[in-house]
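Structural features, examined
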Amino acid sequence: MRVDDNARPTGQSEAVPDEGGQARKAASRGVVWRSPSALIGGVLVAFMVVLAIAGPLIWGEAAERIDAGAILQGTSAEHPLGTDNLGRDLLARVLVAGRYSLALALAATLIGAVLGTVLGALPSVLPRRGARLVTGLVNALVAFPGLLLAMFTAVIAGLGARGAVLGIGVAIAPGFARLTQTLAASVAGADYVAAARMLGVPRRRILARHILPNIAEPLILTLAQSLGGALLGLAGMSFLGLGVQPPDFDWGRLLFDGFARIYVHPEVALGPAALVALAGIGFNLLGDTLARAAARSSAGRQESARTEPPRAEGEPDPDAVLEVRDLTVSFPGDSTPVRGLSLTMAPGEIVGLVGESGSGKSLTAAAIGGLVPYPGTVTYGRLRLGGADIAGMSGKELGTALAMVFQDPMASLNPALRVGGQLSEVAVVHQGMSRADARRRAVDRLGHVHLPDPAKQAGQHPHELSGGMRQRAVIAMGLMGEPRLIIADEPTTALDVTVQRQILKLLREVVEETGAALLFISHDIAVVGELCDRVVVMYAGRVVEELPADRLAAGAAHPYTRALIASLPDLDTDRSRPLAGIPGTQPAPAQVGVGCAFAARCALATERCRTERPELVVHGPHRRVACWEVTS
Amino acid sequence: MTDPRTDARPPETPPEIPAGAPAARPARTADRTAVRRALRMAVRRIVRFAVSLAVLLTASFAMIHLIPGDPVRASLGPAAPIELVQQRTAALGLDRPLPEQFVTYVGGVLTGDFGTSFLTGEPVSEVIAARLPNTLTLALLATAMALIVAVPLGMWAAVRTENGRNRGTEVTFGTVTGAAVAVPEFLYSIALVAVLAVGLGWFPPAGKDGPLTYVLPVLALSIGSIAMIARITRVETLRELGTDYVRLARAKRLPALRLHLRHVLPNTLTATLTMGGLLLTSLIAGSVLVEYVFAWPGLGQKIVESITQKDYPVAQGVILVYGAIVLVVNLVVDLVLGALDPTSEIKEVAA
Ligand code: SF4
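Analysis parameters
Residues numbered from 1 in each chain as written. Chains lettered and ligands numbered in written order. Predicted model: local features only at pLDDT ≥ 70, side-chain atom pairs only at ≥ 80, totals over all residues. Heavy atoms only, no water. Helix = DSSP H or I, 4+ residues; strand = E, 2+ residues; numbered from the N terminus. Buried < 20%, exposed > 50% of the residue type's maximum accessible area, 1.4 Å probe, protein only. Contact = heavy atoms within 4.5 Å. Areas by Shrake-Rupley, 256 points an atom, 1.4 Å probe, with all protein chains shown as cover. Core = buried A, V, L, I, M, F, W, Y, C linked by side-chain atoms within 4.5 Å. Near = heavy atom within 4 Å. Nonpolar A, V, L, I, M, F, W, Y, C, P; charged D, E, K, R; others polar. pLDDT = per-residue confidence, 0-100. Salt bridge = Lys/Arg side-chain N within 4 Å of Asp/Glu carboxyl O. Axes fitted to C-alpha atoms, helices over the stretch in contact; angles between N-to-C directions. Parallel < 35°, antiparallel > 145°, perpendicular 65-115°, else oblique. UniProt positions renumbered as here; feature names shortened; annotations may be inferred. Phe/Tyr/Trp six-rings, centres within 6.5 Å; stacked < 30°, edge-to-face > 60°. Lys NZ or Arg CZ within 6 Å of the ring centre and 35° of its normal. Pairing = 2+ DSSP bridges. Lys, Arg positive; Asp, Glu negative; His and termini not counted. Polar contact = N/O pair within 3.5 Å; in protein donor to acceptor, adjacent residues only side chain to side chain. Patch = residues over 30% accessible without salt bridge, like charges linked within 9 Å, V, L, I, M, F, W, Y side chains within 5 Å. Expected span 1.5 Å × (residues − 1).

Of the regular secondary structure elements, chain B holds 13 helices and 0 strands. Counted from the first residue to the last, chain B has its helices and strands arranged as α-α-α-α-α-α-α-α-α-α-α-α-α. Here chain B holds 351 residues, and 50% of them are scored as buried.

Given below as structure tokens:
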């Protein structure tokens, strides 16, 4: 399992936000099928199928047996759901009607599917004009309530089962058409379709050979869901007297008859109603499950986290702004993206935390800010901010003492709220300022980060600001309180080069003015070397080297750090060409073995490196390194 | 204007070391272009509306002519004398050439003349005028009810089940709402009548006569929608809770209530409003069956009656009105959304 730089385990952030599926880790098909809704849906649908097959065989005779002595009765021991106007047992009739109801629904669904698929696939093979016409028609029809379409069709086709089935088929068609259209459009744009077209394959053949097979699976899922819809729709039509006519009967027709007697014998109507409802629920839940199973093919396991007890050592450093000892972040599934990290920062110090994506640097920041997402567990020997234990700090203290800046300034600002409002919020909530005072301070802070017209920008929404201005606004937001520590997680990655420089300059200014410490997280060792006082290099969840930034170019000791620096372009390198990276990939957090995590990519690796892990040890003034070849 | 980051999250994988120069981002469009774009979008939507309306009008005109056989004969029954059928046909203008009939029809509809009922001789426009308000009241009340109950419910479920917390709640919520969505309005209606009206006698079973008679129809219409909107709100809220600005708001240690009401709710509102609009149209359709069950004097009851009695002019007029309402609601939703959400138009262009 890989942990990406947004500090979310795989399978969460990428998951399609479907119903109930968001952020669920147990994603394998097996687990989907074991959920209660799948179970209930499966059982109900199986019951309906059995009923459709066996119902008429078992109760067929009872359903037609006329008993002049027992006309229009209510519930009795002999007739649990009562009898109809000819004295026929209603329970038997309800059970028998299942076959006809399901058969009609199946017919309507097939009509709808065929009609819709053809309608939806047409635009991808028609000439432009015709395609637009069909697309427009489908769009108009989709917006139209199905029942009205069904009624319209039924008026033309005539009352009765045939009209109702046609009507429901027509009502279902636009949904299928829209789905097919979307899918077909994406497939039709694919290379192999273009190739087939160039080779002069006839349109009909393209449709049949290339387009339809690729969209079959989602179509089948929709088919299952539509079946439930058709069943309910037909029941509705028959219930209104627009569908099945006597002497035939489906559930809707039984409802129609039963409803006329509801004031005397409500149970007569409730029986068929319950079966229709159960069938509808069954198909819907099953359809949901099918859709969900299709949406997730990638699997992940959920296990309880296994964490080693952290150990604290030494006395707290009273002068440090930030003191972290043995910070470990782990996720279920034996994944430990941050392993025993320790870090101390002095006021006004700028520390760069570098590493490839997946090295655990962003999760380290999230852990310090208390923002590790739920299934993650954070343990530490010591975690102190400004001399106080973070665990004991109130939201107010932490909210003003710690400022965070994330990578994408657009995503960091709430698009629905004005910039000024988002800034002043902290002051209102935590510092008890009046709204007017808070706003004045917000404008002042915005000016502080060199926004050209702070009063105006405070009144604007984030989308009205440029990317650089937005990132300035986020920094200003951090300055609303009295930050002791600013954590900036890839703050310039989403910005272009010129703006990047300006933001770096601004961060340095802010540190100088406020005396806050800055933890600057980046994958770009060049930027880190330029901005920071000290550099901490992470690899596979651990710190592998720590050294003053000015020693980076000449004095890096760890093979990984050296490789990072070696891969940097110099002035002569052609910037437009892809740069040579370090061969190989970093091990995923769950796959870090016993030895040095870098061993697989390291040119100096020995047998010892693979079996024994090097500890981070002091290596010269202000320097620490974890490598056997360097320290022994 | 297709800035790929407009509503995207930060890339899942930042560039591997060493990074090339990050791509330059296009500058934000100034206010004026934004306004012009919004206007253009509005015009485009209105044109689309007009085209749909024309299609609808043609379809409702065509309906009466697509009926196999002679609609007048079908309506009056096989026993009616030929003279009566001919006289009716002439009175309705059905013996004229089609284009002429079409012009007359469109002209009539535009001046509020929807023809007269085969059966009662009443002008269809009067039937509609008398019944439309009842249908709209029902649909609007049900929509309001659904939104008021479902949005807080969905948000609550999202907050409780964020990141897979409280699996029990998530499973129960999913199963119950999944089942509730699947049951159509008319079954709720029947169950409510059977239990609360006939069984317990708490509410009148039918008719429109005082506030109590509203309770059951509104309930029957809104239960399914409550489940549906609650599900959607939950998914939307979960997505919001995962955004960077909510992380940042959390880093600011805002109180939970403020975080959810001020930072999360407004961003789920767009989806919810869209839903509200779509809901209103689906409820207007759903009301057909509910009105039938509760003998509610609205358009739905009339349309069923007119179809079973083969009173085609009434059916034609009512279907036209239903269709027009749906189109108008969709247009309004589109326009309101365009005005509310500065990014929706961008999505539209990109789509
Ligand atoms: S410990 Fe061995 S494998 Fe690891 S970096 Fe040093 S030399 Fe390479």
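Having seen the model, we can carry on.
Turning our eyes to something else, we now look at the overall build of chain A. Helices and strands together make up the secondary structure of chain A, namely 23 helices and 13 strands. Contacts spanning at least 24 positions in sequence make up 67% of the contacts within chain A whose residues lie at least 6 apart. If you sum the accessible surface of chain A, you get close to 26200 Å²; carbon and sulfur atoms cover 58% of it.

Residue and element names in this part refer to chain A. Mapped onto the fold, Thr561 is located in helix α21 (residues 559-566). Residue Thr561 is classed as buried on the basis of its relative accessible area of 0%. Discounting residues that sit within four places of it in the chain, Thr561 has contacts with Ile525, Val537, Glu545, Leu552 and Ala556.

Our next topic: the nonpolar core. Grouped together as the largest cluster of nonpolar side chains are 137 residues, with contacts concentrated most on A:Met151, A:Met237, A:Trp251, B:Ile190 and B:Ile303. With 15 residues, the top contributor of residues to this core is helix α12 (residues 312-340) of chain B. Residues in contact with A:Met237, not counting those within four places in the same chain, are A:Leu147, A:Ala150, A:Met151, A:Ala154, A:Ala164, A:Ile168, A:Leu242 and A:Gly243. Ranked by size, the runner-up nonpolar core spans 99 residues in total, among them A:Val354, A:Val528, A:Ala549 and A:Cys596.

In this section: the site of the ligand. The environment of the ligand is formed by 13 residues, the closest being A:Cys596, A:Cys602, A:Cys609, A:Cys627 and A:Glu629. Grouping the amino acids of the shell around the ligand by side-chain chemistry returns 11 nonpolar, 1 polar and 1 charged.

On to the confidence of the model for chain A. Residue and element names in this part refer to chain A. When pLDDT is averaged along chain A, the result is 75, and 79% of the positions lie at 70 or above. Strand β10 (residues 534-539) holds the highest mean pLDDT among the elements of chain A, 91, whereas helix α1 (residues 29-34) holds the lowest, 51. For the stretch residues 1-30, pLDDT sits under 50, and the model shows 97 contacts to residues farther than four places along the chain or on other chains. Across residues 296-313, confidence stays below pLDDT 50; counting only partners more than four residues off in sequence or on other chains, it has 32 contacts.

Time to look at the confidence of the model for chain B. All names here are of chain B. On average, residues of chain B carry a pLDDT of 74, and 81% of them reach 70 or more. Looking over chain B, one finds the lowest element-wise mean pLDDT in helix α13 (residues 344-350), namely 40, and the highest in helix α5 (residues 124-161), namely 85. This stretch, residues 1-30, has a pLDDT under 50; its non-local contacts, to residues over four places away or in other chains, come to 72 contacts.

Below, the discussion takes up the pattern of salt bridges. Residue and element names in this part refer to chain A. Applying the stated criterion to the full structure yields 15 salt bridges over all chains. In this structure, Glu349 and Arg534 form a salt bridge, with 2.7 Å as the shortest nitrogen-oxygen distance. Residue Glu349 is found in the loop between β2 (335-345) and β3 (350-354), and its partner Arg534 is found in strand β10; the two are separated by 185 residues along the sequence. Arg534 carries the same exposure label as Glu349, and that label is buried. With its nearest N and O atoms 2.7 Å apart, the salt bridge here joins Arg534 to Glu546. Taken together, the positions of Arg534 in strand β10 and Glu546 in strand β11 (residues 542-548) put the pair 12 residues apart, joining distant regions of the chain.

Right, let's talk about the packing of α5(B) against helix α11 (residues 299-308) of chain B for a bit. Residues and elements named next belong to chain B. Packing of α5 against α11 leaves a shortest axis separation of 8 Å and a crossing angle of 130°. Regarding the angle of α5 to α11, the classification is oblique. Contact residues: Val127, Ile128, Arg131, Leu132 and Thr135 in α5; Leu299, Gly300, Gln301 and Lys302 in α11. Here the contact of α5 with α11 is built from residues that sort into 4 nonpolar, 3 polar and 2 charged.

In this section: the UniProt feature "transmembrane region" (unreviewed entry) in chain A. All names here are of chain A. Cross-referencing UniProt, the feature "transmembrane region" (unreviewed entry) maps to residues 38-59, 100-122, 134-159, 179-199, 219-242 and 262-286 in the present numbering. Between the end C-alpha atoms of residues 100-122 there is a gap of 33 Å, over a span that is 100% helix and 0% strand. For residues 262-286, the helix share is 84%, the strand share is 0%, and the end-to-end C-alpha distance is 32 Å.

In this section: the packing of aromatic side chains. Within this structure, the stated rule accounts for 8 aromatic pairs over all chains. With centroids separated by 5.1 Å and ring planes inclined at 85°, the aromatic side chains of A:Tyr539 and A:Phe598 adopt a geometry described as edge-to-face. Remark: A:Phe598 occurs in the loop between α21 and α22 (607-611) and A:Tyr539 occurs in strand β10; sequence separation between them is 59 residues. Like A:Tyr539, the residue A:Phe598 is buried in the burial classification. Between the aromatic rings of A:Tyr560 and A:Phe598, the centroid separation amounts to 5.2 Å while the plane-to-plane angle is 65°, which identifies the pairing as edge-to-face. In this pair, A:Tyr560 sits in helix α21 while A:Phe598 sits in the loop between α21 and α22, placing the two residues 38 residues apart along the sequence. The residues A:Tyr560 and A:Phe598 share a single accessibility class, namely buried. Through successive ring pairs, a cluster of aromatic residues spans A:Phe239, B:Phe186 and B:Tyr292. Taking the ring centre of A:Trp628 as reference, the NZ or CZ of A:Arg608 above it sits at 3.8 Å.

Residue and element names in this part refer to chain A. Counting buried positions over the 6 residues of β10 gives 6, a clear majority of the element. Of the two faces of β10, both are covered, the one formed by Arg534, Val536 and Met538 as well as the one formed by Val535, Val537 and Tyr539. Alignment of β3 against β10, held across 4 bridges, turns out to be parallel. By the bridge assignment, Leu353 is partnered in β10 with Val536. Sheet analysis places β10 next to β11, joined by 6 bridges and oriented antiparallel.

Taken as a whole, α21(A) has its buried residues at A:Pro559, A:Tyr560, A:Thr561 and A:Leu564. On its buried side, α21(A) packs onto α19 (525-531), β10, β11 and α20 (552-555) of chain A.

Moving on: the side chain of B:Arg131. Residues and elements named next belong to chain B. Checked against the element boundaries, Arg131 lands in helix α5. Salt bridges are absent for the buried Arg131, whose nearest opposite-charge side chain, Glu305, sits at 5.0 Å. In terms of polar contacts, Arg131 uses its side chain to reach the side chain of Gln301, at 3.1 Å.

This part is about a nonpolar patch on the surface. Residue and element names in this part refer to chain B. A cluster of nonpolar side chains, Leu269, Leu273, Val328, Val332 and Val336, forms an exposed patch at the surface whose accessible area comes to about 360 Å². For the nonpolar patch, the secondary-structure elements that each account for two or more residues are α10 (256-294) and α12. By the secondary structure assignment, Leu269 is in helix α10.

The next subject is the pairing of strand β5 (residues 382-385) of chain A. Residues and elements named next belong to chain A. Pairing of strand β1 (residues 322-331) with β5, which is carried by 4 bridges, proceeds in the antiparallel orientation. Paired with Arg325 across the strands is Arg382, a residue of β5. Judged from the 2 bridges that link them, β5 and strand β6 (residues 388-389) form a sheet pairing that is antiparallel. Bridge pairing in β6 places Arg384 opposite Asp389.

Further remarks concern helix α5 (residues 146-157) of chain A. Here α5(A) contains 12 residues, and its C-alpha end-to-end distance of 16 Å stays within 8% of the 16 Å for a straight helix at 1.5 Å per residue. By the criterion of burial, α5(A) is predominantly enclosed, with 11 of the 12 residues buried.

With that settled, the discussion passes to the environment of B:Thr272. Residues and elements named next belong to chain B. Within the secondary structure, Thr272 sits in helix α10. We classify Thr272 as buried; its relative accessible area is 7%. Distance in space between the C-alpha atoms of Thr272 and Thr233 is 6.8 Å, their sequence separation being 39 residues. With residues near it in sequence (within four places) discarded, Thr272 still touches Leu147, Val151 and Ile229.

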